[in-house]
Amino acid sequence: MWKYKEDLTEPIITAQKHIASGHKKGCGSLPQTAILFYMHSGVAYMKLKYKCRLLTKKFPRFLNACPIYRLKDDEICFLDGGRGAPQAADTLETLAALGVKNVVAVGMFGAFGAEVESGDIIVPNKAFSEEGTSLHYYESLNFAEPNAALLEKAQQAITDAKVLPVVSTDAVYRQTFFKEALWREKGAVGVDMETSALYSVGKYLGLNVVSVLLASDKHPMTETDTGWRWTLTNEARCRFFEQCVDFAKTV
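We now turn to the structure provided with this report.

### Notes on the layout of surface pockets
Which parts of space are left empty comes out when a probe the size of a water molecule is rolled across the atoms. Looking at the largest pocket, its volume works out to about 1000 Å³. Taken together, 29 residues form the lining of the largest pocket, with Pro11, Ile13, Glu93, His136 and Tyr137 sitting closest to its centre. Going through the elements one at a time, helix H1 (15–20), helix H3 (85–97) and helix H6 (195–205) are the ones with two or more residues in the lining of the largest pocket. Looking at the lining of the largest pocket, the element that brings in the most residues is H3, giving seven residues. Per-class residue counts for the lining of the largest pocket are 16 nonpolar, seven polar and six charged. Put simply, the second largest pocket is a space of about 650 Å³. Around the second largest pocket, the lining is made up of 26 residues, and of these Gly110, Val172, Gln175, Asp217 and His219 lie nearest the centre.

### Notes on empty space enclosed by the protein
Under the defined criterion, the tally for this structure stands at one cavity of 30 Å³ or more. What the largest cavity holds in volume is close to 40 Å³. Along the walls of the largest cavity sit Tyr38, Ala105, Val106, Gly107, Met108, Asp192, Glu194, Thr195, Leu198, Ser211 and Leu213, which together make up its complete lining. Those elements that place two or more of their residues in the lining of the largest cavity are strand E5 (102–111), H6 and strand E11 (208–218). Per-class residue counts for the lining of the largest cavity are six nonpolar, three polar and two charged.

### Let's talk about the packing of helix H2 (residues 42–49) against helix H7 (residues 234–248)
For the pair H2 and H7, interaxial distance at closest approach is 11 Å and the crossing angle is 75 degrees. When the axis of H2 is compared with that of H7, the two are roughly perpendicular. Taking contact as the criterion, the partners of Gly42, Tyr45, Met46 and Lys49 in H2 are, on H7, Cys238, Phe241, Glu242 and Val245. Looking at the contact of H2 with H7 residue by residue, the classes come out as five nonpolar, one polar and two charged.

### Observations concerning the pairing of strand E3 (residues 68–71)
Neither face of E3 is exposed, since Ile68 and Arg70 on one face and Tyr69 and Leu71 on the opposite face are all buried. Note that strand E2 (residues 52–56) and E3 share four bridges and pair antiparallel. Pairing of Thr56 across the sheet is with Ile68, part of E3. Where E3 lies against strand E4 (residues 76–80), three bridges are found, and the strand directions are antiparallel. Residue pairing in the sheet places Ile68 in a bridge with Leu79 of E4. Hairpin geometry of E3 and E4 is characterised by an intervening segment of four residues between the two adjacent antiparallel strands.

### Quick notes on the nonpolar core
In this structure, Leu30, Ile35, Phe59, Leu95, Val106, Val212 and Phe240 are the most contacted members of the largest nonpolar core, which totals 67 residues. When residues in this core are grouped by element, the largest group, seven residues, is from H7. In this structure, Phe59 is in contact with Cys27, Leu30, Ala65, Cys66, Ile68, Leu79, Thr91, Thr94, Leu95 and Leu98, ignoring residues within four places of it in sequence.

### Overview of the environment of Thr250
Along the chain, Thr250 falls in the segment after H7. Residue classification places Thr250 among the partly exposed residues on the basis of a relative accessible area of 43%. A sequence separation of 96 residues divides Thr250 from Ala154, and the C-alpha atoms of the two residues are 9.0 Å apart. From its side chain, Thr250 meets the backbone oxygen of Phe247 in a polar contact 2.6 Å long.

### Digging into the packing of aromatic side chains
Two descriptors summarise a pair of aromatic rings, namely the distance from one centre to the other and the angle between the planes of the rings. Using the criterion set out here, one finds eight aromatic pairs in the structure. Ring centres 5.6 Å apart and planes at 90 degrees place the aromatic pair Phe37 and Phe241 in the edge-to-face group. Taken together, the residues span a long stretch of sequence, with Phe37 in strand E1 (residues 33–37) and Phe241 in helix H7 at a distance of 204 residues. Like Phe241, Phe37 is buried. Considering the side-chain rings of Phe112 and Trp183, the 5.7 Å spacing of their centres and the 35 degrees angle between planes classify their relative orientation as tilted. In this pair, Phe112 is assigned in the loop between E5 and strand E6 (121–122) and Trp183 in helix H5 (residues 177–186), connecting sequence segments 71 residues apart. Three or more aromatic residues link up through ring pairs in this structure, and these residues are Phe37, Tyr45, Phe240 and Phe241. Its guanidinium or amino end placed over the ring of Phe143, Lys126 lies 4.4 Å from that ring's centre, counting from NZ or CZ.

About the criteria used
Residues numbered from 1 in each chain as written. Predicted model: local features only at pLDDT ≥ 70, side-chain atom pairs only at ≥ 80, totals over all residues. Heavy atoms only, no water. 1 Å grid on protein atoms, 1.4 Å probe; cavity = no way out; pocket = protein on both sides within 12 Å on 5 of 7 lines; lining within 4 Å. Points joined across faces, edges and corners; volume = space filled by probe spheres on them. Helix = DSSP H or I, 4+ residues; strand = E, 2+ residues; numbered from the N terminus. Nonpolar A, V, L, I, M, F, W, Y, C, P; charged D, E, K, R; others polar. Axes fitted to C-alpha atoms, helices over the stretch in contact; angles between N-to-C directions. Parallel < 35°, antiparallel > 145°, perpendicular 65-115°, else oblique. Contact = heavy atoms within 4.5 Å. Buried < 20%, exposed > 50% of the residue type's maximum accessible area, 1.4 Å probe, protein only. Pairing = 2+ DSSP bridges. Core = buried A, V, L, I, M, F, W, Y, C linked by side-chain atoms within 4.5 Å. Polar contact = N/O pair within 3.5 Å; in protein donor to acceptor, adjacent residues only side chain to side chain. Phe/Tyr/Trp six-rings, centres within 6.5 Å; stacked < 30°, edge-to-face > 60°. Lys NZ or Arg CZ within 6 Å of the ring centre and 35° of its normal.

That's the geometry; what it means functionally is another story.
In structure tokens, the structure reads:
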């Protein structure tokens, strides 16, 4: 752990200070609901499919400023959430400082459980943390959970989604067969890089956060099984985006 009980000092830099800094152009206050895409094609799909307007070319987070947009007919903004737990936390901190209250994270996961196949949608009700960001916010953390109200709304809106745990990790090349077996024993059915940090940091900041994840591939269960391969289709991706946007409009 890296959060200490005796540490009562202030952070050197905060999202509020960074937004106000001279080299970052702000975007004003934001709608209360934001969609974060952890899939490179999410923002492009939204721009093509929906009427939206650019709020700023440089959303003022610390890591890799990016464009942020607002749906023309809805109180929803959207942007690329970045990649990995540090950028997920950075994005949440910045959104919270700009007035966002609800966050729908849209991403992918690698499936390794018998309960899921490639193309399945899950809403994680628990995310085991094997990333390093959350322990700067909590003295100890085994897993993090979504906002209960948003979890319930997601279940109602995305009727074919399964509610199952995942694990989030920083080390994409250390997802060994041994570790995935241990993860299955905990009840996890897949792995991503952001959900546990989104849930833990969201709770810390007082944000309502839920993730909706699409299984992009199915991992081999043993070393003698057929090797890993990418199986996600464009049709499945577009259908997934539509379901997530429809859900976000109910928040």
